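In case you want the letters, here they are:
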Amino acid sequence: MPTATDSRRRRLLTGLAPALAAVWLGARATRAGALDAALRLSVTGSLTRIDQVSRALRAGEARPTDWQDAVEAAAAAIDLDELFRAIDFERLRATAGYAEVGVATAPARLPDVFGDGRRPAYYAKVFAVGKGRAVIPHGHAGMVSGHLVLDGGFRLRQYDRVGDEPGRMLIRPTVDRVETAGGCSTISDDRDNVHWLVAESDAHTLDFLVTGVAPETPGGYAVQNIDPAGAEDRGDGVLAAPHLDVETALAKYG
Ligand SMILES: [Fe+2]
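Overview of the structure. What you are looking at is a predicted structure, and each value in this text was computed from that prediction instead of being measured.

Concerning the overall build of the chain
Move 1: Broken down by element type, the chain carries seven helices and twelve strands.
Move 2: In the chain, buried positions account for 49% of the 254 residues.
Move 3: Restricting to contacts in the chain with at least 6 residues of sequence separation, those with at least 24 account for 75%.
Move 4: Carbon together with sulfur atoms contributes 52% to the accessible area of the chain, which is approximately 11400 Å² in total.

In structure tokens form, the structure reads like this:
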């Protein structure tokens, strides 16, 4: 199974601006214990970078995959201890609790990186997922999102959405790895559209979201739950996964 490191290396070293690659390499060095402080981004630096690429995406000046690359690099470079202090994670973890099935969410109060109260170009939320519970498998339309693991760990599976049929989504597996604190994954219409995270221990993520990316999507974005375990194999790596309503999906996967 490819590791998170392998996957991220492939993505970030193919077609990524040198400055972002340097950020990513800094993050890797941090994790390896050979910290080059100049390459690690402060929380303000990372959030500013995520805001910049979110504005560019909204303006049509960046592609969804550019957003994914930039957010994965910026999130991976965040100093988690600094982030925990900035969002008062200990209090948030104590008050958010966990859902009996699926996830509990809490608003994330991020620091005012601009110093003037201006809202960033993305939304942020914290997800709390108890051991054995899941972010159930679902695809998206008209939005991008990034998921930084704050604590605990997940089995993360992702799929490209390669087509749609009445009642089914055609998907191709792309990611199957364990994500632990500091790991980050992203989705868009163009890459890794479907995600499914099963918590291997009590876990939290900080999510960054931009909706309204595709103007034709009613309401700015859409989410569709699916049933990968009940999928038909269509050959050539393509699976036809039935759509699921929320109740059925939570009962089976939550
Ligand atoms: Fe999602």
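What follows continues from the structure just given.
Description of the sheet that holds strand β12 (residues 238-242)
Move 1: In spatial order, the strands read β10-β3-β8-β5-β6-β12-β11; together these seven strands make up an open sheet with antiparallel pairing. A single partner strand is all that each edge strand has here, and the edge strands are β10 (222-225) and β11 (232-235). Ignoring which end each strand starts from, the neighbouring axes of this sheet average 35 degrees apart.
Move 2: Sheet topology places strand β3 (residues 134-141) next to β10; four bridges connect them, and they run antiparallel. Its bridge partner lying in β10, H140 is registered against V223.
Move 3: Docked against the sheet, helix α7 (residues 246-253) engages β3, β8 (194-199) and β10, running at close to 140 degrees with respect to β3.

As for the pairing of β12
Move 1: Burial analysis of β12 places four of its five residues in the buried class, the great majority of the element.
Move 2: Note: strand β6 (residues 168-180) against β12, four bridges, orientation antiparallel. Paired with R168 across the two strands is P242, which belongs to β12.
Move 3: As judged from the three bridges shared by β11 and β12, these two strands associate in the antiparallel manner. Each bridged residue has a counterpart across the sheet, and for G235 the counterpart in β12 is V238.
Move 4: Hairpin connection between β11 and β12: a loop of two residues separates the two successive antiparallel strands, and D236 in this loop has a positive phi of roughly 60 degrees.

The rules we used
Residues numbered from 1 in each chain as written. Predicted model: local features only at pLDDT ≥ 70, side-chain atom pairs only at ≥ 80, totals over all residues. Heavy atoms only, no water. Helix = DSSP H or I, 4+ residues; strand = E, 2+ residues; numbered from the N terminus. Buried < 20%, exposed > 50% of the residue type's maximum accessible area, 1.4 Å probe, protein only. Contact = heavy atoms within 4.5 Å. Areas by Shrake-Rupley, 256 points an atom, 1.4 Å probe, with all protein chains shown as cover. Pairing = 2+ DSSP bridges. Axes fitted to C-alpha atoms, helices over the stretch in contact; angles between N-to-C directions.

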